[in-house]
Amino acid sequence: NAGVMQNPRHLVRRRGQEARLRCSPMKGHSHVYWYRQLPEEGLKFMVYLQKENIIDESGMPKERFSAEFPKEGPSILRIQQVVRGDSAAYFCASSPPDNTEAFFGQGTRLTVV
Amino acid sequence: DAKTTQPPSMDCAEGRAANLPCNHSTISGNEYVYWYRQIHSQGPQYIIHGLKNNETNEMASLIITEDRKSSTLILPHATLRDTAVYYCIVRVDTGRRALTFGSGTRLQVQP
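Conventions and cut-offs
- Residue numbers restart at each chain and count upward from 1, following the sequence in its written direction.
- Key to labels: chains lettered from A, ligands numbered from 1, both in the order written.
- For this predicted model, a pLDDT threshold of at least 70 governs which residues receive local features, and a threshold of 80 or more governs which side-chain atom pairs are given and counted, while totals over whole chains, interfaces and linings are taken from all residues.
- Neither water nor hydrogens contribute to the side-chain values; these are computed over all heavy atoms in the structure.
- In this text, helices come from DSSP runs of H or I with a minimum length of four residues, and strands from runs of E with a minimum of two, each type numbered from the N-terminal end.
- A radius of gyration in this sense is built from C-alpha atoms; the matching globule rule multiplies 2.2 Å by the number of residues raised to 0.38.
- The buried label goes to any residue with under 20% of its type's maximum accessible area, the exposed label to any with over 50%, and the partly exposed label to all in between, with areas taken from a 1.4 Å probe on protein chains only.
- Throughout, a contact is declared for two residues whenever any of their heavy atoms are within 4.5 Å.
- The accessible surface values rely on the Shrake-Rupley method and a 1.4 Å probe; as for residues, cover is taken only from the protein chains in view.
- Charge counting follows a simple rule: Lys and Arg are positive, Asp and Glu are negative, and His as well as the terminal groups are ignored.
- Here the site of a charge means NZ on Lys, CZ on Arg, CG on Asp, or CD on Glu.
- In this description, buried area is defined as the sum, over both parts, of the accessible area (probe of 1.4 Å) that is lost when the two are combined.
- Should a side-chain nitrogen of Lys or Arg be within 4 Å of a carboxyl oxygen of Asp or Glu, the pair is scored as a salt bridge.
- Within 3.5 Å is the distance limit for a polar contact, defined as a pair of N or O atoms, with the added protein rule that one can donate a hydrogen and the other accept it, and that residues adjacent in sequence qualify only through two side-chain atoms.
- The rule is simple: put a 1 Å grid over the protein atoms alone, call a set of points where a 1.4 Å probe fits but cannot get out a cavity, call an open set with protein on both sides within 12 Å along at least five of seven lines a pocket, and count a residue as lining if it has an atom within 4 Å of a point.
- Grid points are joined across faces, edges and corners, and a volume is the space filled by probe spheres set on the points.
- Only Asp, Glu, Lys and Arg are considered charged, only Ala, Val, Leu, Ile, Met, Phe, Trp, Tyr, Cys and Pro nonpolar, and every remaining residue, Gly among them, polar.
- We treat two strands as partners when DSSP finds at least two bridges between them.
- Two cysteine sulfurs form what is called a disulfide whenever their separation falls within 2.5 Å.
- Buried residues of nine kinds, namely Ala, Val, Leu, Ile, Met, Phe, Trp, Tyr and Cys, make up a nonpolar core once their side-chain atoms join them within 4.5 Å.
- Two rings from Phe, Tyr or Trp (for Trp, the six-membered ring) form a pair when their centres sit within 6.5 Å of each other. Planes less than 30 degrees apart are called stacked, planes more than 60 degrees apart edge-to-face, and all others tilted.

> Which residues make up the overall build of chain A, and what are the values?
A tally of regular secondary structure across chain A gives 0 helices and 11 strands. Helices and strands in chain A line up, N terminus first, as β-β-β-β-β-β-β-β-β-β-β. Taken over the C-alpha trace, chain A has a radius of gyration of 13 Å; the compact-globule value for 113 residues is 13 Å, and the two agree within 12%. Its C-alpha atoms put chain A at 40 × 25 × 25 Å along the principal axes. For chain A, the residues scored as buried account for 45% of the 113 residues in total. Long-range contacts, defined here as pairs at least 24 residues apart, represent 53% of the contacts in chain A between residues at least 6 apart. Here chain A has roughly 5,700 Å² of accessible surface; of this, 46% comes from carbon and sulfur atoms. Mean positive and mean negative side-chain charge positions of chain A (16 and 12 charges, respectively) differ by 8 Å.

> Could you give me a rundown of the interface of chain B and chain A, with the residues and numbers involved?
Chain B puts 18 residues into the contact, and the matching count from chain A is 19 residues. Note on chain B versus chain A: buried area summed over both sides is about 1,500 Å², and carbon and sulfur give 52% of it. Our enumeration of links across chain B and chain A arrives at 0 salt bridges. Summed over the shared surface of chain B and chain A, the result is 4 residue pairs in polar contact (both at pLDDT 80 or more). Listed by contribution, the elements that provide at least two residues to the side of chain B that touches chain A are strand E3 (31-38), strand E4 (45-50) and strand E8 (84-92) of chain B. In terms of residue count, E3 of chain B provides more of the side of chain B that touches chain A than any other element does, 3 residues in total.

> Go over the layout of surface pockets with me, naming the residues and quoting the values.
The computed volume of the largest pocket comes to approximately 650 Å³. Lining the largest pocket are 28 residues, and of these Gln37, Glu40 and Glu41 of chain A together with His40 and Ser41 of chain B lie nearest its centre. Of all the secondary structure elements, the ones that give two or more residues to the lining of the largest pocket are strand E9 (88-95) and strand E11 (108-112) of chain A together with E8 and strand E9 (105-110) of chain B. Residues belonging to the lining of the largest pocket are distributed by class as follows: 11 nonpolar, 13 polar and 4 charged.

> With reference to specific residues and values, describe the pattern of salt bridges.
Applying the stated rule across the entire model yields 4 salt bridges over all chains. Ionic pairing is found between Arg64 of chain A and Asp86 of chain A, a salt bridge with its closest N-O pair at 2.7 Å. On the criterion of sequence distance, the pair formed by Arg64 of chain A in the loop between strand E6 (53-56) and strand E7 (65-68) and Asp86 of chain A in the loop between strand E8 (75-79) and E9 is long-range, its members being 22 residues apart. Look at Arg64 of chain A and you get partly exposed, because its relative accessible area is 25%. The residue Arg37 of chain B makes a salt bridge to Asp82 of chain B at a minimum N-O spacing of 2.8 Å. Taken together, the residues Arg37 of chain B in strand E3 and Asp82 of chain B in the loop between strand E7 (70-75) and E8 connect sequence positions 45 residues apart.

> If you had to explain the sheet that holds E7 of chain B to someone new, which residues and values would you point to?
Residue and element names in this part refer to chain B. Taken in spatial order, the 4 strands line up as E2-E7-E6-E5 in an open sheet, and their pairing is antiparallel. The strands lining the two open edges of the sheet, one partner per strand, are strand E2 (18-23) and strand E5 (55-56). Two strands pair when backbone bridges link them, and strand E6 (residues 61-64) and E7 are joined in this way by 4 bridges, in the antiparallel orientation. Of the residues in E7, the one forming a bridge with Leu62 is Leu73.

> Which residues make up the state of the cysteines, and what are the values?
Residues and elements named next belong to chain A. Scanning the model with the defined rule gives 2 disulfides over all chains in all. Across the disulfide from Cys23 sits Cys92; the S-S distance is 1.7 Å. The sign of the S-S torsion, about -50°, decides the handedness of the disulfide formed by Cys23 and Cys92: left-handed. Taken as a pair, Cys23 in strand E3 (residues 19-24) and Cys92 in strand E9 lie far apart in primary sequence, 69 residues in all.

> I'd like a rundown of the nonpolar core, residues and numbers included.
Residues Trp34, Met46, Leu77 and Tyr90 of chain A are the most contacted members of the largest nonpolar core, which totals 23 residues. Listed by contribution, the elements that provide at least two residues to this core are E3, strand E4 (31-37), strand E5 (43-50), E7, E8, E9 and E11 of chain A. Leu20, Cys22, Ala84 and Cys88 of chain B belong to the second-largest nonpolar core, a separate cluster that totals 21 residues.

> So what about the packing of aromatic side chains? Which residues, and what values?
Enumeration over the complete set of coordinates arrives at 10 aromatic pairs over all chains. Seen from their ring centres, Tyr35 of chain A and Phe104 of chain A are 5.5 Å apart, and the 50° between their planes marks the pair as tilted. Residue Tyr35 of chain A is located in strand E4, and its partner Phe104 of chain A is located in strand E10 (residues 103-104); the two are separated by 69 residues in the primary sequence. In this pair, the class of Tyr35 of chain A matches that of Phe104 of chain A, namely buried. Look at Tyr87 of chain B and Phe101 of chain B: their rings are 5.1 Å apart centre to centre, the planes differ by 85°, and that puts the pair in the edge-to-face class. Residue Tyr87 of chain B is found in strand E8, and its partner Phe101 of chain B is found in the loop between E8 and E9; the two are separated by 14 residues along the sequence. Looking at Tyr87 of chain B, the relative accessible area reads 4%, which means it is buried. Three or more aromatic residues joined by ring pairs form one cluster here, namely Tyr35, Phe45, Phe103 and Phe104 of chain A together with Tyr36, Tyr46, Tyr87 and Phe101 of chain B.

What follows is the structure, given as C-alpha cells:
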C-alpha cells in the first residue's frame, strides 16, 4: 500500500503564473487535508476535503487559492497568479473513512521567482 | 479542539529514554491525544494516539494521566534519527475536524 503521493516534489514558478499541486491519497482513504509550511514556521491548515466536497476551507486564503478532490483522480491545490509569499512547502495528508490518524506525503516545495 | 502546551526544546542522550510532556488541561471527554513528528523538512509522521488508556506501539508509548489533563510521549531508546519536532495535538475523533499543529517540541538527540 503506497503512502500519500505528492507531485511534483519541487516546483518553480515565476510571479503571476499558476501552480498546480497534486495529491494522491492512500488507497481506501476518502479524506484529504492540505497544509502549508512557510520557511522556519509551523504547519498551517488550509483545507479539508472529502470526495467531491469541501468540508472546511477556513485556512485557505480567500483569493487565488482553490482545492478540489474529484470522484476520480488526485486532489489538486491550485494557486493562481503566484507571488513570492506563496513560496513554501505544501503538505497533503489523507485519512480513512473513520477519520482517525492522518498520513502525510513528503510535500511539494514551491518556489516563486 | 483543546489547546496544548509543550516545551519548545529538549535534549536527550542517545540510547536513553526521551520523555516529551504535553499539557492539555482543557481537554474534553471525547477528545483524543495525537502525537506526530516532523524530521527536518519531511512530511509529518504519525506516532501514536489515545483517549484515556496508555498506548504502546513499535515507535513509542503514550502515557495519559488519570485526569487526562496531561500526557507524556516516551521514546524508549532514542537514536540520532529521532531528532525532530514533536507535536502533541488534541482532536475530537468524530466529526469533521482537521489536525491543528502548534509549535511542538524540538527534540535534539545528542551522541
